[in-house]
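# Understanding the architecture of this molecule
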Amino acid sequence: VAVAGEAPKASLPAWFQLVLLVCFSLHQVFSQAMFVSQMAFFASVSDPRVGGTYMTLLNTVANLASKWPATLSLLLVDLVALPGVDGFYVLTAMCTLVGGAWYVAFRDRAA
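Attention in this report is confined to the structure presented alongside it. What you see is a predicted model, and the numbers here were worked out from it, not measured in a lab. (Residues numbered from 1 in each chain as written. Predicted model: local features only at pLDDT ≥ 70, side-chain atom pairs only at ≥ 80, totals over all residues. Heavy atoms only, no water.)

At a closest axis distance of 8 Å, the pairing of helix α2 (residues 51-79) and helix α3 (residues 87-106) adopts a crossing angle of 115°. For the pair α2 and α3, the sense of crossing is right-handed. Contact residues: S73, L76 and V77 in α2; G87, F88 and L91 in α3. Within the contact of α2 with α3, the residues separate by chemical class into four nonpolar, two polar and no charged. (Axes fitted to C-alpha atoms, helices over the stretch in contact; angles between N-to-C directions. Helix = DSSP H or I, 4+ residues; strand = E, 2+ residues; numbered from the N terminus. Left-handed = near helix turned anticlockwise from the far one by under 90°. Contact = heavy atoms within 4.5 Å. Nonpolar A, V, L, I, M, F, W, Y, C, P; charged D, E, K, R; others polar.)

Written out as C-alpha cells, the structure reads:
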C-alpha cells in the first residue's frame with residue numbers, strides 16, 4: 001500500500017521485469033511481422049481495380065476469425081465448471097485432450 005510521502009516499493013524483482021520487457025518486445029516484433037506478411041498476402045491476391053476494398057474485407061474476416069476463439073473460451077469456462085473445480089482447469093484439460101487427439105489423428109499427414 002502506498003503511503004503519501006513514501007517512495008513506492010517495487011513488488012517484482014528487476015530481473016523479472018526485464019524478462020517481461022524482453023518477452024513483450026519480442027511478442028510485439030513477431031506480431032507486427034505477422035501483420036505485415038498477412039497484408040502482403042492480401043495485397044497479392046487482391047484485384048488491383050478494387051484492391052483497397054477487397055483488402056479491407058479480407059482483413060476484417062481475418063480479425064473476426066482471430067477473435068472468436070477467445071470469446072468462445074470465456075463462454076465455455078462457466079458452462080464446463082464442476083462443483084468445487086474452477087471451469088478454467090476443466091476447459092484446459094478438455095482442450096489438451098482434444099489437441100492431443102487431433103495431433104495423433106493427423107500427425108502422419110504430409111503438410
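What follows continues from the structure just given.
This part is about the packing of aromatic side chains. Evaluation of the coordinates by the stated rule reveals four aromatic pairs. Seen from their ring centres, F88 and Y89 are 5.3 Å apart, and the 75° between their planes marks the pair as edge-to-face. (Phe/Tyr/Trp six-rings, centres within 6.5 Å; stacked < 30°, edge-to-face > 60°.)

Let us now look at the side chain of N59. With respect to the helices and strands, N59 occurs in helix α2. Not counting residues up to four positions away in its chain, the partners in contact with N59 are F35, M39 and F42.

No statement about biological role is implied by the geometric values presented.
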